[in-house]
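Chain by chain, the residues:
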2 protein chains.
Amino acid sequence: MAADKAQTTRIGWIGTGVMGRWMCQHLMQSGYPAVVHTRSQAKAQPLLETGADWAASPEDVARASDVVFTMVGFPQDVREVYLGGQGLLKGARSGQILVDMTTTEPSLAVEIHKEAAALNVSAVDAPVSGGDIGAREARLSIMVGGEKATVDELMPFFKIMGRQIVHQGPAGSGQHTKMCNQIVIAGTMIGVCESLLYGQRAGLDLNTMLESIAGGAAGCWSLDNLAPRILKRDFDPGFFVAHFIKDMGIALEEAKRMQLCLPGLALVHQLYLAVAANGGARFGTQALMLALEKLNGENR
Amino acid sequence: MAADKAQTTRIGWIGTGVMGRWMCQHLMQSGYPAVVHTRSQAKAQPLLETGADWAASPEDVARASDVVFTMVGFPQDVREVYLGGQGLLKGARSGQILVDMTTTEPSLAVEIHKEAAALNVSAVDAPVSGGDIGAREARLSIMVGGEKATVDELMPFFKIMGRQIVHQGPAGSGQHTKMCNQIVIAGTMIGVCESLLYGQRAGLDLNTMLESIAGGAAGCWSLDNLAPRILKRDFDPGFFVAHFIKDMGIALEEAKRMQLCLPGLALVHQLYLAVAANGGARFGTQALMLALEKLNGENR
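Calculation rules
Residues numbered from 1 in each chain as written. Chains lettered and ligands numbered in written order. Predicted model: local features only at pLDDT ≥ 70, side-chain atom pairs only at ≥ 80, totals over all residues. Heavy atoms only, no water. Helix = DSSP H or I, 4+ residues; strand = E, 2+ residues; numbered from the N terminus. Rg over C-alpha atoms; globule rule 2.2 N^0.38 Å. Buried < 20%, exposed > 50% of the residue type's maximum accessible area, 1.4 Å probe, protein only. Contact = heavy atoms within 4.5 Å. Areas by Shrake-Rupley, 256 points an atom, 1.4 Å probe, with all protein chains shown as cover. Lys, Arg positive; Asp, Glu negative; His and termini not counted. Charge placed at Lys NZ, Arg CZ, Asp CG, Glu CD. Least-squares fit on C-alpha atoms with pLDDT ≥ 70 in both. Buried area = accessible area lost by both parts, 1.4 Å probe. Salt bridge = Lys/Arg side-chain N within 4 Å of Asp/Glu carboxyl O. Nonpolar A, V, L, I, M, F, W, Y, C, P; charged D, E, K, R; others polar. Domains from an automatic or database assignment. Pairing = 2+ DSSP bridges. Right-handed = clockwise from strand over helix to strand, strands pointing away. Phe/Tyr/Trp six-rings, centres within 6.5 Å; stacked < 30°, edge-to-face > 60°. Lys NZ or Arg CZ within 6 Å of the ring centre and 35° of its normal. Axes fitted to C-alpha atoms, helices over the stretch in contact; angles between N-to-C directions. Parallel < 35°, antiparallel > 145°, perpendicular 65-115°, else oblique. Expected span 1.5 Å × (residues − 1). Core = buried A, V, L, I, M, F, W, Y, C linked by side-chain atoms within 4.5 Å.

(A) Region of interest: the overall build of chain A. Looking only at helices and strands, chain A has 16 helices and nine strands in total. In terms of C-alpha radius of gyration, chain A reaches 20 Å, essentially the compact-globule figure of 19 Å for 300 residues. Along the longest, intermediate and shortest principal axes, the C-alpha atoms of chain A span 65 × 40 × 35 Å. By the burial criterion, 60% of the 300 residues in chain A qualify as buried. Put simply, 68% of the contacts in chain A that link residues at least 6 apart link residues at least 24 apart. Summed over all atoms, the accessible surface of chain A reaches about 11,500 Å², with 50% contributed by carbon and sulfur. The centroid of the 26 positive side-chain charges in chain A is displaced by 1 Å from the centroid of its 29 negative side-chain charges.

Structure (structure tokens):
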């Protein structure tokens with residue numbers, strides 16, 4: 001199906017970082033011609049070398065393509081790319097589809113959807129989870145918000161990039177679902193790190209401790225995947241502390257807007273700010289352990 | 001092996017509640033004659049009817065058996081059963097083994113171990129996880145603290161009651177490991193409940209939301225097993241709020257003793273106190289959702 005479409009559908013791609021780069025590549029390898037733009041052209045080089053065309057601005061990407069995907073950094077980047085002076089909406093034409101796969105504010109997704117609709121353009125929010133490995137191996141979970149007909153039309157593209165693709169509801173629902181994902185992770189991270197810290201202070205052999213608890217009601221992805229890294233003092237990023245702080249900040253802002261108090265999330269957010277304050281912004285999320293150790297006078 | 005031993009080893013069992021009752025029954029079914037004691041004799045009736053003998057006090061249990069297992073309620077119960085006027089240590093003889101499977105204070109386990117050692121009696125702490133279902137189906141995780149030789153001697157008994165049996169280290173290590181387990185669970189519970197509350201307020205279909213997030217980095221036992229119950233507004237206990245409050249209280253006390261600040265655990269403990277304050281002590285731990293809803297003005 002993708003191969004048939006290759007003749008007719010030209011994709012635009014904005015943002016070619018650690019995830020976007022792979023996601024775009026998967027689409028190109030499925031036969032879709034692509035036009036790309038990104039803030040620093042050097043980051044697009046691997047895609048340009050394998051046949052993508054370069055566009056000088058988001059506006060130009062919109063003019064040169066049929067379906068545009070964006071995967072940028074922060075909400076202000078999304079705003080600039082969509083609504084800025086040389087933004088996508090300047091170049092978009094009636095009937096076109098714009099898909100933001102960045103994790104960003106649900107309310108911004110709704111705003112973009114509304115602005116786009118006024119031009120008869122369909123905007124969809126489709127943030128992902130699975131990290132750079134999920135992007136590289138096309139195993140992402142994609143959480144989609146937008147009109148059903150548009151989402152159906154996008155399914156062939158999503159299936160090339162991900163494995164678990166779920167239409168969550170109207171515009172903004174994809175972003176809200178991603179926030180739900182990050183809120184659970186915030187909880188599992190504080191639980192895992194405080195547990196390891198307690199065990200460490202109590203003099204347990206932490207690997208032996210994990211043997212006892214990993215298979216039961218304490219079992220979680222973070223315990224399986226990040227606790228072993230912490231025990232090896234490996235704080236390399238799977239997912240950056242800086243990005244997790246961004247995501248939790250968005251969730252807390254949206255929660256405030258909805259008059260919702262989330263004390264656990266607020267606490268974890270604060271502790272991650274402490275990780276960043278101590279130089280850990282580019283560490284992986286397991287570096288929460290470092291802030292808790294510091295708080296408790298441990299120098300390791 | 002159990003069948004051979006049945007001729008010579010007589011077990012004592014104290015505490016025949018929702019878990020102890022099944023654990024003792026498994027040992028009896030493996031051929032071990034048993035003498036039991038529990039605060040209210042009525043609770044021991046099923047065991048007495050299948051051949052167990054009754055003893056009037058912990059002291060009498062010790063006199064009438066070779067290895068004693070205890071599975072009672074709160075630390076003060078453990079203290080009374082072991083160190084009280086008619087406690088196990090009054091009746092214990094040199095070479096005897098006493099095994100506390102209650103979740104209790106690590107420092108109390110160390111104290112009992114020391115008092116017992118002075119009488120040449122071996123005390124072992126072996127709390128479990130897996131709940132009443134794990135007890136009934138002999139699928140418990142048993143976390144053991146004590147001397148290796150004694151723990152080795154107990155292995156045939158533990159294997160009848162559980163599936164994952166790990167010697168964690170000296171006296172108290174089993175209890176410390178159980179605390180590590182509960183600390184992780186505290187984190188996963190706040191993450192799961194705040195996530196559901198956020199999603200609910202945002203107007204998501206929560207079952208659809210869970211489809212997107214359960215298989216990834218947010219994945220955890222609580223999300224798989226308790227979130228669906230919350231969505232059905234089923235707050236029946238798998239594990240009682242009152243018991244979880246006890247366990248978190250122990251972990252916080254021990255942490256304080258070790259000069260350890262665990263802000264996440266402290267917050268979750270407080271919120272569970274709110275669950276109990278609103279009449280939820282006998283609900284299951286998923287009732288944390290009710291306290292968060294109440295905090296946020298939701299009347300459901």
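Next, the rest of the story.
(B) Quick look at unusual backbone geometry. Residue and element names in this part refer to chain A. For N120, which is not glycine, the phi dihedral falls at a positive 60°. In this structure, N120 sits in the loop between α7 (106–118) and β6 (122–125). The residue R233 is not glycine, and still its phi comes out positive at about 55°.

(C) Representation of the relation of the copies chain A and chain B within the structure. With an axial shift of 0.0 Å and an RMSD of 0.0 Å, the rotation relating chain A to chain B amounts to 180°. Such values leave the two copies arranged in the relation of a two-fold axis. Nearest to the rotation axis, the C-alpha of A:C220 is located 2.0 Å from it, this being the minimum over chain A.

(D) Region of interest: the interface of chain A and chain B. Each side of the interface is counted separately: chain A has 60 residues, and chain B has 60 residues. The largest contributions to the chain A side of the interface with chain B come from A:V184, A:Y198 and A:S212, which together make up 15% of the buried area. Taken together, chain A and chain B are joined by zero salt bridges. Taken together, the elements giving at least two residues each to the side of chain A that touches chain B come down to β8 (140–145), β9 (162–169), α10 (173–201), α11 (206–213), α12 (221–225), α14 (241–257), α15 (263–277) and α16 (288–295) of chain A. For the side of chain A that touches chain B, the residue count by class is 34 nonpolar, 21 polar and five charged.

(E) Region of interest: the domain arrangement of chain A. Residues and elements named next belong to chain A. Structurally, chain A comprises domain 1 (3–170) and domain 2 (177–295). Just the C-alpha atoms count here: the centres of domain 1 and domain 2 sit 30 Å apart. Contact between domain 1 and domain 2 buries roughly 1,100 Å² in total, counting both sides, with carbon and sulfur atoms accounting for 66%. Broken down residue by residue, the surface that domain 1 buries against domain 2 is led by F74, T103 and M143, which jointly contribute 39%.

(F) Molecular detail of the pairing of strand β2 (residues 34–37) of chain A. All names here are of chain A. Side-chain alternation along β2 places A34 and V36 on one buried face and V35 and H37 on a second face that is also buried. In terms of strand pairing, strand β1 (residues 11–14) meets β2 through four bridges, oriented parallel. Bridged to G12 within β2 is V35. For the crossover from β1 across helix α2 (residues 20–29) to β2, the handedness is right-handed.

(G) Seen up close, the pattern of salt bridges. Scanning the model with the defined rule gives 24 salt bridges over all chains in all. Across the salt bridge formed by A:K256 and A:E253, the nearest N and O atoms sit 3.6 Å from each other. Taken together, the residues span about one helical turn, with A:K256 and A:E253 both in helix α14 at a distance of three residues. Across the pair B:E254 and B:R257 runs a salt bridge whose closest N-O atoms are separated by 2.8 Å. Of this pair, B:E254 and B:R257 both sit in helix α14 (residues 241–257), three residues apart, roughly one helical turn. For B:E254, a relative accessible area of 3% puts it in the buried group.

(H) Quick peek at the packing of aromatic side chains. All names here are of chain A. Enumeration over the complete set of coordinates arrives at twelve aromatic pairs over all chains. Their ring planes at 25° and their centres at 5.4 Å tell us that W13 and F69 sit as a pair that is stacked. Residue W13 is located in strand β1, and its partner F69 is located in strand β4 (residues 67–70); the two are separated by 56 residues in the primary sequence. Seen in terms of ring centroids, F239 and F244 are 6.2 Å apart; in terms of plane orientation they differ by 75°. Their pairing is edge-to-face. Owing to a relative accessible area of 28%, F239 belongs among the partly exposed residues under this scheme. Of the residues examined, F244 reaches a relative accessible area of 1% and is grouped as buried. Feature note: the residues W13, Y32, F69 and F157 constitute an aromatic cluster, connected by ring pairs. For the cation-ring pair, R21 lies above W22, with the distance from its terminal atom to the ring centre recorded as 4.4 Å.

(I) Expanded view of the side chain of A:T177. Here A:T177 lies in helix α10. Classification of A:T177 as buried rests on a relative accessible area of 0%. Leave out the neighbours within four places in its chain, and A:T177 touches A:M143, A:Q168, B:L204, B:M209, B:S212 and B:I213.

(J) Region of the structure containing the pairing of strand β2 (residues 34–37) of chain B. When β2(B) meets strand β3 (residues 53–54) of chain B, the two strands line up parallel, connected through two bridges. By the bridge assignment for β3(B), B:V35 is matched with B:D53.

(K) Main features of the packing of α15(A) against helix α15 (residues 263–277) of chain B. At a minimum axis distance of 10 Å, the contact between α15(A) and α15(B) shows a crossing angle of 170°. By the angle class used here, α15(A) and α15(B) are roughly antiparallel. When α15(A) is examined against α15(B), the residues A:P263, A:G264, A:L267 and A:L271 are found in contact with a partner set consisting of B:P263, B:G264, B:L267 and B:L271. For the contact of α15(A) with α15(B), the per-class residue count stands at six nonpolar, two polar and no charged.

(L) Spotlight on α14(A). The terminal C-alpha atoms of α14(A) lie 24 Å apart, and with 17 residues this matches the ideal 24 Å at 1.5 Å per residue to within 8%. Burial in α14(A) covers these residues: A:V241, A:F244, A:I245, A:K246, A:D247, A:M248, A:I250, A:A251, A:E254 and A:A255. Where α14(A) is buried, its residues touch α5 (75–83), α7, α10 and α15 of chain A together with α10 (173–201) of chain B.

(M) Focus on the nonpolar core. Formed by 90 residues in total, the largest nonpolar core has its most connected members in A:L196, A:Y198, A:Y272, B:L196, B:Y198 and B:Y272. Residues within four places of A:Y198 in sequence aside, it is in contact with B:P106, B:H176, B:M179, B:C180, B:I183, B:A251, B:E254, B:A255, B:M258, B:L260 and B:L262. Of all hydrophobic cores here, the second largest spans 36 residues; its members include A:W13, A:W22, A:F158 and A:I160.

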